[in-house]
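Structure assessment
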Amino acid sequence: GPLELLLADPLINEVMVNGPNLVFVERNGELYQTDVIFDDAAHLMRIIDRILLPLGRRVDADTATADARLPDGSRVNVVVPPVAVDGPVVTIRKFPQTRMTIEDLIRLGTLTNYMAKFLEACVVARLNILISGNTSSGKSTMLNVLSTFIPNLERIVTIEDAVELQLKQRHVVRLETKLPNVDGSGAVNIRDLVRNALRMRPDRLVVGEVRGGEALDMLQAMNTGHAGSITTLHANSPRDDIARLETMSLMAGVDLPVTAVRKQISSAINLIVHMNRLPDGSRKAIQITEVSGMEGDVVTQTDIYKFYSVGIGIDGKVHGDLKPTGLRPLFTTRLEQAGYKLGGEYFGLGL
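For clarity, every value in this text was computed on a predicted model and none was experimentally measured. (Residues numbered from 1 in each chain as written. Predicted model: local features only at pLDDT ≥ 70, side-chain atom pairs only at ≥ 80, totals over all residues. Heavy atoms only, no water.)

Another point: the sheet that holds strand 9 (residues 172-176). What the nine strands build is an open sheet, ordered 9-8-10-11-7-12-13-14-15; its pairing is mixed. With one partner strand each, in any of the chains shown, strand 9 and strand 15 (318-324) form the two edges of the open sheet. Put simply, the sheet's adjacent strands are angled 25° from each other on average, direction ignored. With two bridges joining them, strand 10 (residues 204-207) and strand 11 (residues 230-234) adopt parallel strand pairing. (Pairing = 2+ DSSP bridges. Helix = DSSP H or I, 4+ residues; strand = E, 2+ residues; numbered from the N terminus. Axes fitted to C-alpha atoms, helices over the stretch in contact; angles between N-to-C directions.)

Shown next as structure tokens:
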């Protein structure tokens, strides 16, 4: 239908239909209104049915929302009346046809060369890494890029709501959640898959995103021999990551004191990579933070790299630098054991 030209445009990475007369797109990190319109709400509903029916999904007044994955991997979310007040709403997150590499992220200014080498060392040394950030900040892209550093012969189990990861290793098992049947039975959620994956002899667990009680199972896995696991999380800062992990672990329904959960977090997570989409649409790893343990009841964190902003220029671009903070991480010995002897220049020392 009217969306085909937008979906075919390689520069557009998200299409947002807010009713039949208002269609926005995201291009290069910025939102633009298009001149695409539908005849009426019924026309838009026919397009929605054409998208969903081949995928075995449907929406109507009783089931007013739907998530689906197109054959090319693009994600589709649909909300229809009576839940959507101003008409059917469609959000399509396009699947990138060309896979981003670490060189691409360096070229775009998301990372520096030193940060890229440091993260490669952390993945190879089997540190547990949490990638956090707000919506559309580049978390999944960063997860895809970091996964390229996992050695080829390790058994990797990926767990996602909708398959997005593009791992190129040979020994990969991909698991995806399943919605309930019409009668409400047969649902398989992230937590079920995490538990099942632990019986599949994984060397690494890669969880697309933790949103609820599965956070506790993920922490348990990281603490019981599944080192080198990677996951993503929605949060505003590395400090908020800890609070969100606490909250989600308590959602598992296990009666644990908060202090016990914090101890699990401090021993499970080694590194946090915090992503952000800046006002000019660019995406950067604005903080790389070590989780260094606990002091009393507080999980301690140490920033290894930070983005230092100096303001917004007349061109609308955010100006600043990604710099090391001058502190070596406590896990440096593990990096050296993995064959990465990173000099002082990586951490802003001896310059």
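Next up on the list: the environment of Asp 280. Tracing the chain through its elements places Asp 280 in the loop between strand 12 (271-277) and strand 13 (283-295). With sequence-adjacent residues up to four places away left out, Asp 280 is seen in contact with Glu 30, Gly 316, Lys 317 and Val 318. Polar contacts involving the side chain of Asp 280 include one to the side chain of Ser 282, which spans 2.7 Å. (Contact = heavy atoms within 4.5 Å. Polar contact = N/O pair within 3.5 Å; in protein donor to acceptor, adjacent residues only side chain to side chain.)

Scanning the entire structure with this criterion turns up 14 salt bridges. Measuring nitrogen to oxygen at the nearest pair gives 2.5 Å for the salt bridge that ties Arg 58 to Asp 60. What makes Arg 58 partly exposed here is its relative accessible area of 45%. Given a relative accessible area of 27%, Asp 60 falls into the partly exposed group. As a salt-bridge pair, Asp 217 and Arg 195 come within 3.5 Å of each other at their nearest N and O atoms. A residue pair is termed long-range when its members are at least 10 positions apart, and Asp 217 in helix 7 (residues 214-223) and Arg 195 in helix 6 (residues 190-197) qualify at 22 residues. Via salt bridges that share partners, Glu 26, Arg 277 and Arg 283 belong to a single interconnected network. (Salt bridge = Lys/Arg side-chain N within 4 Å of Asp/Glu carboxyl O. Buried < 20%, exposed > 50% of the residue type's maximum accessible area, 1.4 Å probe, protein only.)

For the bond from Pro 81 to Pro 82, the omega torsion is 10°, close enough to zero to count as cis. With respect to the helices, strands and loops of the structure, Pro 82 is situated in the loop between strand 5 (75-79) and strand 6 (89-93). Even without being a glycine, Arg 126 presents a positive backbone phi close to 65°. Topologically, Arg 126 is positioned in the loop between helix 4 (113-124) and strand 7 (129-133). Residue Arg 126 is classed as partly exposed on the basis of its relative accessible area, which comes to 23%. For Arg 201, which is not a glycine, the phi torsion comes out positive at approximately 50°. The class of Arg 201 is exposed, set by a relative accessible area of 56%.

To continue, consider the sheet that holds strand 1 (residues 12-18). Spatial strand order, 3-2-1-6-5-4: six strands in an open sheet with antiparallel pairing. The open sheet has two edge strands, strand 3 (30-33) and strand 4 (65-69), and neither has a second partner. Between one strand and the next, the sheet's axes are offset by a mean angle of 15°, whatever the strand orientation. Helix 2 (residues 41-52) contacts strand 1, strand 4, strand 5 and strand 6 of the sheet and is inclined by roughly 140° relative to strand 5.

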